[in-house]
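Tertiary structure, described
Each chain, written out:
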Amino acid sequence: MTNAASSHAVSPADGPIAVTGASGYIGSWIVRDCAEQGYTVRACVRDPANAAKVDHLLALNSEGLRGHVELHAGDLFERGSYDAAFDGCGAVIHAGAAVGYNRETPQEVYDGCFTEVEHVLESARKGGMKRFVFTSSFAAVGHPRPEGYVFTEKDWCGDNIEGYRGRWTEEQIPKNRDIAYAMAKANAERMMYAVAEDDGSFDAMAILPLHVIGPLMCANHDQGWSWQNCIRYMMAGKPYKKSRGGRMLWNNVDVRDTARAHRLCAESTVAKNGSRYILSATDRTGELYTWQMQARLKELYPHAAEIGGEEMEGDVPAEHTYESPRSYCLLAKEELGLETYSIDDTLRATVDSYYALGLLPV
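Read on for a plain summary of the structure. It should be emphasised that the depicted structure is a prediction, and the values quoted were computed from it without experimental measurement.

Bringing the overall build of the protein into the picture now. Looking only at helices and strands, the protein has 10 helices and 14 strands in total. A compact globule built from 362 residues would reach a C-alpha radius of gyration of about 21 Å, and the protein, at 20 Å, matches this within 12%. When the backbone C-alpha atoms are referred to their principal axes, the protein occupies close to 60 × 50 × 40 Å. Residues counted as buried form 55% of the 362 residues belonging to the protein.

Right, dumping it as structure tokens:
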């Protein structure tokens, strides 16, 4: 990988920005952020005629933003389907992936997060872009470590293979969705950095989000088992069920900050090929155990009849929560100039959007 910053930074003068997965939770906010900054955004979706998934994107053109949004069809699993959308773009932001919320098999998750990245990158190179920004995941970073260990961009999920008890192998991809997803993201990062290094005409870089929450732009963003969906269920008085006993250390980042970081990557004169940025808590205030999340939501929404969370014994948690993952978006703040929302602003925006969309009873 190159060690010096490149001259491949883009601006609206370099042409449109294309965004894959544009109808998704993170993708939609990337589209909005880029349009706010004056870009023509080519929002790539599987079906531009699916109103439930694209109307909120088209509505951005009525908000007086400096830029403009165009819908383009593209399918992760169809080689060449992004050729037209990417042609002449200054940057491509690849936020699309099969993440397993739609009952994909582990192999389909891997293919949607790695094999199909090759298709997307191939189309992006044909189009002549200068920056390729990939939505990776903290899953490409995390690995077994002692409690309290602070992960940074130097960590990779394949580190400390012994800690995985032999599970970190290619043979596990068809069997384990989580391992398939993590390996796909890490392998895709390494592949695209190598391709960009060999090519020399563009930079590849990645954003690695952790627990992304924040406002939903449409009802379709309420994907089952997503972090924002779990908050909706907690607000409805139901226990958090994504981990045993509801015990988890939530390491929260706002979806709007995650989106902005993608665009800042494309524009950065500091970022270079191989740069990767964890998008996680700004500081310790953004790291909340489930019982702390529940208490914070009760403070913010005292009218809520009941807010669910983890198993408690009176006012204290029933059991200890393993203190992980600890990580902070310090590098994104330092190198990209990212300014972040407070955890209270993020929680309010998340829940308020559920009320506004009619997905929580008022």
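Next, the rest of the story.
So, about helix H5 (residues 177–199). Its 23 residues place the ends of H5 32 Å apart at the C-alpha level, agreeing with the 33 Å of an ideal helix rising 1.5 Å per residue. Two or three places before aspartate 178, at the start of H5, stands the capping residue asparagine 176, its side-chain oxygen 2.9 Å from that residue's backbone nitrogen. Positive backbone phi, approximately 85°, marks glycine 200, located one or two places after H5.

Moving on to the environment of methionine 312. Structurally, the position occupied by methionine 312 is in strand E12 (residues 312–313). Residues methionine 312 and arginine 247, spaced 65 residues apart in sequence, show a C-alpha to C-alpha distance of 10.0 Å. Methionine 312 has contacts with Trp291, Pro317 and Ala318, leaving out every residue within four places of it along the chain.

A few words now on unusual backbone geometry. Most of the time, phi is negative for any residue but glycine, and the peptide bond is trans. Following serine 324, the chain continues to proline 325 via a peptide bond in cis, the omega torsion being 5°. If you trace the backbone, proline 325 turns up in the loop between strand E13 (316–317) and strand E14 (326–327). Within the chain, tryptophan 225 stands out as a residue other than glycine whose phi angle is a positive 70°. Here tryptophan 225 lies in the loop between strand E8 (211–213) and helix H6 (227–235). Residue tryptophan 225 is classed as partly exposed on the basis of its relative accessible area, which comes to 47%.

Take the sheet that holds strand E9 (residues 249–254) next. The 3 strands are arranged E8-E9-E11 in an open sheet whose pairing can be described as mixed. Because the sheet does not close on itself, it has two edges, and the strands there are E8 and strand E11 (287–289). Along the sheet, successive strands turn relative to each other by an average axial angle of 45°, direction set aside.

To continue, consider the nonpolar core. Formed by 65 residues in total, the largest nonpolar core has its most connected members in Val31, Ile231, Met235, Trp250 and Leu297. With 7 residues, helix H1 (residues 25–36) is the single largest residue contributor to this core. With residues up to four places along the chain from it excluded, the contact list for valine 31 reads Val19, Ala22, Val41, Ala43, Leu57, Leu60 and Val69. In terms of nonpolar packing, the next biggest core, distinct from the first, is built from 45 residues, Ala18, Leu76, Tyr82 and Ala124 among them.

Moving on, we get to the pattern of salt bridges. Scanning all chains against the criterion turns up 22 salt bridges. Among the salt bridges present, the one from arginine 247 reaches glutamate 311, with a minimum N-O distance of 3.9 Å. In this pair, arginine 247 is assigned in the loop between H6 and E9 and glutamate 311 in the loop between helix H8 (290–300) and E12, connecting sequence segments 64 residues apart. Judged by its relative accessible area of 14%, arginine 247 is buried. Of the charged contacts, one joins arginine 247 and glutamate 319 as a salt bridge, the two residues approaching to 3.7 Å between their closest N and O atoms. A residue pair is termed long-range when its members are at least 10 positions apart, and arginine 247 in the loop between H6 and E9 and glutamate 319 in the loop between E13 and E14 qualify at 72 residues. In the salt-bridge network here, residues are joined through shared partners; they are Arg284, Glu287, Glu323 and Arg326.

Once that is clear, we can look at the side chain of threonine 350. You can see threonine 350 is positioned in helix H10 (residues 343–356). Overall, the relative accessible area of 0% leaves threonine 350 in the buried class. When near neighbours in sequence (up to four residues on either side) are disregarded, threonine 350 contacts Ile213, Gly214, Pro215, Gln228 and Ile231.

Packing of H6 against H10 leaves a shortest axis separation of 10 Å and a crossing angle of 75°. Considered as vectors, H6 and H10 are oriented roughly perpendicular to each other. The residues of H10 that touch H6, namely those facing Gln228, Asn229, Ile231, Arg232 and Met235, are Leu347, Thr350, Val351, Tyr354 and Tyr355. Of the residues contributing to the contact of H6 with H10, the split by class is 6 nonpolar, 3 polar and 1 charged.

Rules and cut-offs
Residues numbered from 1 in each chain as written. Predicted model: local features only at pLDDT ≥ 70, side-chain atom pairs only at ≥ 80, totals over all residues. Heavy atoms only, no water. Helix = DSSP H or I, 4+ residues; strand = E, 2+ residues; numbered from the N terminus. Rg over C-alpha atoms; globule rule 2.2 N^0.38 Å. Buried < 20%, exposed > 50% of the residue type's maximum accessible area, 1.4 Å probe, protein only. Expected span 1.5 Å × (residues − 1). Polar contact = N/O pair within 3.5 Å; in protein donor to acceptor, adjacent residues only side chain to side chain. Contact = heavy atoms within 4.5 Å. Pairing = 2+ DSSP bridges. Axes fitted to C-alpha atoms, helices over the stretch in contact; angles between N-to-C directions. Core = buried A, V, L, I, M, F, W, Y, C linked by side-chain atoms within 4.5 Å. Salt bridge = Lys/Arg side-chain N within 4 Å of Asp/Glu carboxyl O. Parallel < 35°, antiparallel > 145°, perpendicular 65-115°, else oblique. Nonpolar A, V, L, I, M, F, W, Y, C, P; charged D, E, K, R; others polar.

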